[in-house]
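Descriptive analysis of the structure
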Number of protein chains: 2
Amino acid sequence: MSERARTPYILLGLLCHEPMTGYELNATIQRTVGHFWQESFGQLYPTLKDLHARGLVSMSASAAGGRDRKVYTITDDGRAALFRWLAEPPQPSVVRSELLLKVFLASLGGVDDLRPHLEAAVRAANAQITHLTAVRAAVDAEPATEHQRRCWLLTVDLGLRSAEATRAWAERALSEGT
Amino acid sequence: MSERARTPYILLGLLCHEPMTGYELNATIQRTVGHFWQESFGQLYPTLKDLHARGLVSMSASAAGGRDRKVYTITDDGRAALFRWLAEPPQPSVVRSELLLKVFLASLGGVDDLRPHLEAAVRAANAQITHLTAVRAAVDAEPATEHQRRCWLLTVDLGLRSAEATRAWAERALSEGT
DNA sequence: TTTGGCATGTAATCCGTTACATGATTAG
DNA sequence: CTAATCATGTAACGGATTACATGCCAAA
């Protein structure tokens, strides 16, 4: 398993809760950590295959009713690998904001070019706030321990703070006439 | 020029101000937009070559004193391509926070594993705030128009707000005992 | 003289997305 | 019947990083 790949760990982490298919893993990722993490099937399935080859997950295929279904279960080795990774300091995320790049370069041209971008940013931030507020409400309904819910809410909370910061920033920029 | 590549535009944008070498472009990127954008030489030099092949920049090589030096200047075509791109709605940035992933998965294991990560996040946010405060002070010393400075400060401002939001979040998480 | 800054580039690798390809089941 | 959901995968491509390779100039 390569050093920099992180897809394996989100999969191992979710499989720690319960065995799942690749399809279900994808849905769970979107539902729980979708606001700060995403995977594609093109990445997910090969990683699952690799994890299985390395013995970090076990797999039970059932072509029940003709529909393919491969349920993956985490192994002790998988759990050990996950916890080793969790203890390592997280790599700082690479930020690359196309919005800020266009804001920076807006000094070159007409100011009016910037307004639609900022207005879109406000709309996006509002949508994100709406979404995360709904997620926050939904967390309580989840069948999980108090501790699990608190960790999850923590991630939602930073998402909300970031979205609110972005909204406030964009609104101020708009009101100042850029 | 491929649809998704954005490296060409940061280069064209900076070359709009003044002709530069690849080496100088890299330094300028770090100094001005380093807090939300970064490039590597491995990406920069080939892109410059490509831009030249497409006539979006012109190049004058001078082996003055034995030291290689290729100064790139933006062309009218380059300026046109840049402004077309600037008018397009910015693509939302892909966020993938390893910190939040570990926070989310911390529900699985010991709470103590999370503390060092959060403390590191506070330190990183503080360092970022110190850095951006210095940048903000330095912008005034730059030889640029008022409008240019305002656009630049706008990007610094969002960086500061984000860093402050992250710091407040991490400190609260720590004080709540996770 | 040696370190650090200036200066340019290539090769290997890789993580990841998008598009493609296929098919069963279920609800309306 | 048909659309949405469940379900699994491959191939092509691509942007980007890292490591490698080279060499001059100036200052300490």
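Please read these numbers as outputs of a predicted model, since none were measured by experiment.

Attention shifts here to the interface of chain B and chain A. The partner chain A presents 60 residues to the 60 residues of chain B that form the contact. Three residues, R96, E98 and F104 of chain B, lead the burial of chain B against chain A; their summed loss comes to 13% of the area buried on that side. At the boundary of chain B and chain A, one finds six salt bridges. At the junction of chain B and chain A, the tally comes to 20 residue pairs in polar contact (both at pLDDT 80 or more). Only helix 1 (7-15), helix 2 (22-33), helix 4 (76-87), helix 5 (98-105) and helix 7 (146-175) of chain B provide two or more residues apiece to the side of chain B that touches chain A.

Our next topic: the relation of the copies chain B and chain A. Overlaying chain B on chain A yields an RMSD of 0.1 Å, the required transformation being a rotation through 180° with an accompanying axial translation of 0.0 Å. Such values leave the two copies arranged in the relation of a two-fold axis. Judged by C-alpha distance, S162 of chain B is the residue of chain B that lies nearest the rotation axis, at 3.1 Å. Looking at the interface residues of chain B, 100% of them are also at the interface in chain A, so both copies use one shared face.

Residue and element names in this part refer to chain A. Here the domain parsing of chain A yields domain 1 (7-87) and domain 2 (98-175). With centres defined by C-alpha atoms, the gap from domain 1 to domain 2 works out at 29 Å. Every contact between the two is made by five residues of domain 1 and, on the other side, seven residues of domain 2. Summed over both partners, the interface of domain 1 with domain 2 buries about 520 Å², with 56% contributed by carbon and sulfur atoms. Taken as a group, R31, T32 and H35 account for 79% of the area that domain 1 buries against domain 2, more than any other trio of residues on that side. One can count one salt bridge joining domain 1 with domain 2. A salt bridge links R31 to E142; its shortest N-O distance comes to 2.6 Å. Applying the counting criterion to the domain 1 and domain 2 interface returns two residue pairs in polar contact (both at pLDDT 80 or more). For the side of domain 1 that touches domain 2, the class distribution of residues is one nonpolar, three polar and one charged.

Right, let's talk about the environment of P90 of chain A for a bit. As for its position among the elements, P90 of chain A is in the loop between helix 4 (76-87) and helix 5 (98-105). Along the chain, P90 of chain A and Y23 of chain A lie 67 residues apart, while their C-alpha atoms are 27 Å from each other. For P90 of chain A, the contacting residues outside a window of four places in its chain are E98, L99, K102 and H117 of chain B.

Thresholds applied
- Residues numbered from 1 in each chain as written.
- Chains lettered and ligands numbered in written order.
- Predicted model: local features only at pLDDT ≥ 70, side-chain atom pairs only at ≥ 80, totals over all residues.
- Heavy atoms only, no water.
- Contact = heavy atoms within 4.5 Å.
- Buried area = accessible area lost by both parts, 1.4 Å probe.
- Salt bridge = Lys/Arg side-chain N within 4 Å of Asp/Glu carboxyl O.
- Polar contact = N/O pair within 3.5 Å; in protein donor to acceptor, adjacent residues only side chain to side chain.
- Helix = DSSP H or I, 4+ residues; strand = E, 2+ residues; numbered from the N terminus.
- Least-squares fit on C-alpha atoms with pLDDT ≥ 70 in both.
- Domains from an automatic or database assignment.
- Nonpolar A, V, L, I, M, F, W, Y, C, P; charged D, E, K, R; others polar.

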